[in-house]
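Single-letter residue listing:
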Amino acid sequence: MDDHRPHHPARPADDLVPRLPATRRARVAMRLLVLLPLLGAALGVAAGEPAPGSNPLFRDRFTADPAPLVVGDRLYLYVGHDQARGEEMFNMREWLVYSTTDMKQWTDHGPVMKFSDFKWAKADAWASQAIEKDGRFWFYTAVEHDDTHPGKAIGVAVSDSPTGPFVDAKGSALITNQMTPKGEHSWEDIDPTVFTDDDGTTWIAWGNRQCYIARLKPNMIEIDGEITEITPPHFEEGPWLHKRGDIYYLTYASLDRSDHTDERISYATAPSIQGPWTYRGELTGSGKNSFTIHPGIAEFKGQWYIFLHNAALSIGDQEGALGRRAVTVEYLQYNDDGTLKPVVQTEEGVSVPPPR
Ligand code: FUB
């Protein structure tokens, strides 16, 4: 995939003065080393501090599965809290939310809910998404159901505020593994994405290996009618529904097992939420050091963004890993025909202007 970024501000000082004699280059490089911190200070960036808006977004905790929600002039970002230690695979017990008004400075609102707030769930605060409807906030979550309905399940919680706290809105799972008998594995029913169409109908899509979609009733806590399978090519998990203009987008974590071993992001488009969906290919490469990757898309103040995660962050003696990920953000740009421009995952993130 081509890097369509016009420049790379993190070039080493040596590259900036390649044609000067060695002693002169050393002197110029020394001056740059002295001047760069002063320039940073003038721009309000402390020495050694990443520029606001650069990746990963949060560096004091491991975060994964980003899900943005715009409310008024603020963008809220719901994430899973990765707490795996050592060789542990996943250890996710709660969801966190952060918010921003400028995509550079973030406010940490802390945990909004734990998996244990669903009395019928026994583990795993996995990928989730919040949506606003009729002035309330509905949080659709992936968790592990207790032994009455073995396997992963989808719950729905509600709050009067985007920062929670969220409480179980139904008292039982919205979707259980038993409702989608095709899948042969127990984690088929994960990663809900919710989307309200122009006619006011809210849809929920989800899945692992199989991707499903269904209408929600206006009460937001019941499926309305049939569950339909819409699995696009190489679908693995993490679907995200959005619409721009007349085009519907289904963006997801894909795994082309003939070609690579870590997930990438791919997408499909459709003229209607009910399809037909046309596969449009890969949008990103893999997340650094990470088997998983997960898309969350939003338009905010006239600019489109895609949130992702990788495993490039270390905190203390804990290095990035499958269960220690870090959320990132990149600009999302469209071609004139509505297809998406390839997204390159960068350290600069949105600390630099969008590519032209
Ligand atoms: O974070 C746990 C699981 O890993 C999510 O539900 C998947 O999307 C993958 O990111």
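As shown above, the structure is provided for reference.
Conventions used here
- Sequence order as written defines residue numbering, which begins from 1 separately in each chain.
- Predicted model: local features are reported for residues with pLDDT of at least 70 only, side-chain atom pairs are reported and counted for 80 or more only, and whole-chain, interface and lining totals are derived from all residues.
- Where side-chain values are given, they derive from all heavy atoms of the structure, hydrogens and water being excluded.
- Cavities and pockets are found on a 1 Å grid laid over the protein atoms alone: a cavity is a set of points where a 1.4 Å probe fits but cannot escape, a pocket is an open set with protein on both sides within 12 Å along at least five of seven lines, and a lining residue has an atom within 4 Å of such a point.
- Grid points are joined across faces, edges and corners, and a volume is the space filled by probe spheres set on the points.
- Where helices and strands are cited, they refer to DSSP runs of H or I of at least four residues and of E of at least two residues respectively, numbered from the N terminus.
- Polar here means any residue outside two lists: the nonpolar Ala, Val, Leu, Ile, Met, Phe, Trp, Tyr, Cys and Pro, and the charged Asp, Glu, Lys and Arg; Gly therefore counts as polar.
- Strand pairing is assigned whenever DSSP detects at least two bridges linking the two strands.
- As a rule, the C-alpha atoms of each element are fitted with a line to give its axis, helices using only the stretch in contact, and angles between N-to-C directions run from 0 to 180 degrees.
- The rule is simple: take the accessible area with a 1.4 Å probe, protein chains only, and divide by the maximum for that residue type; under 20% is buried, over 50% is exposed, in between is partly exposed.
- N or O atoms within 3.5 Å of each other form a polar contact, as long as, within protein, one can give a hydrogen and the other can take it, and as long as residues adjacent in sequence are counted only when both atoms are side-chain atoms.

Asks: Where do I start with the layout of surface pockets in this structure?
Replies: Gaps left between atoms show up when a probe the size of a water molecule is rolled over them. Here the second largest pocket is characterised by a volume of approximately 400 Å³. Along its surface, the second largest pocket is lined by 19 residues, and Pro68, Leu69, Gln129, Phe195 and Ile297 are the ones closest to its centre. Within the residue set of the lining of the second largest pocket, elements represented by two or more residues are strand E1 (62-71), strand E5 (121-133), strand E10 (193-196), strand E14 (235-244) and strand E18 (296-300). Of the residues forming the lining of the second largest pocket, the biggest block, 5 residues, is contributed by E14. Class assignment of the residues belonging to the lining of the second largest pocket gives a composition of 12 nonpolar, 3 polar and 4 charged.

Asks: Just checking my understanding: could you explain the sheet that holds strand E17 (residues 278-282) for this structure?
Replies: For sheets, the rule is that strands pair by backbone hydrogen bonds, running either parallel or antiparallel. Strands sit in the order E14-E15-E16-E17 across an open sheet of 4 strands; the sheet is antiparallel. This sheet does not close on itself; its edge strands, each paired only once, are E14 and E17. Between one strand axis and the next, the sheet turns by 25° as a mean value, whatever way the strands run. Pairing geometry for strand E15 (residues 247-254) and strand E16 (residues 264-270), over 7 bridges, is antiparallel. The partner of Thr251 across the bridge, within E16, is Tyr267.

Asks: Just checking my understanding: could you explain the side chain of Ser99 for this structure?
Replies: Looking at where Ser99 falls in the secondary structure, it is placed in strand E3 (residues 92-100). Given the relative accessible area of 0%, Ser99 is considered buried. Polar side-chain contacts of Ser99 include one of 2.7 Å to the side chain of His109.

Asks: Is there a simple way to explain empty space enclosed by the protein in this structure?
Replies: In total, this model carries 2 cavities of 30 Å³ or more according to the counting rule given. A volume near 40 Å³ is recorded for the largest cavity. Ala127, Ser128, Gln129, Asp191, Pro192, Thr193, Gly238, Pro239, Trp240 and His294 together form the lining of the largest cavity. Those elements that provide at least two residues to the lining of the largest cavity are E5 and E14.

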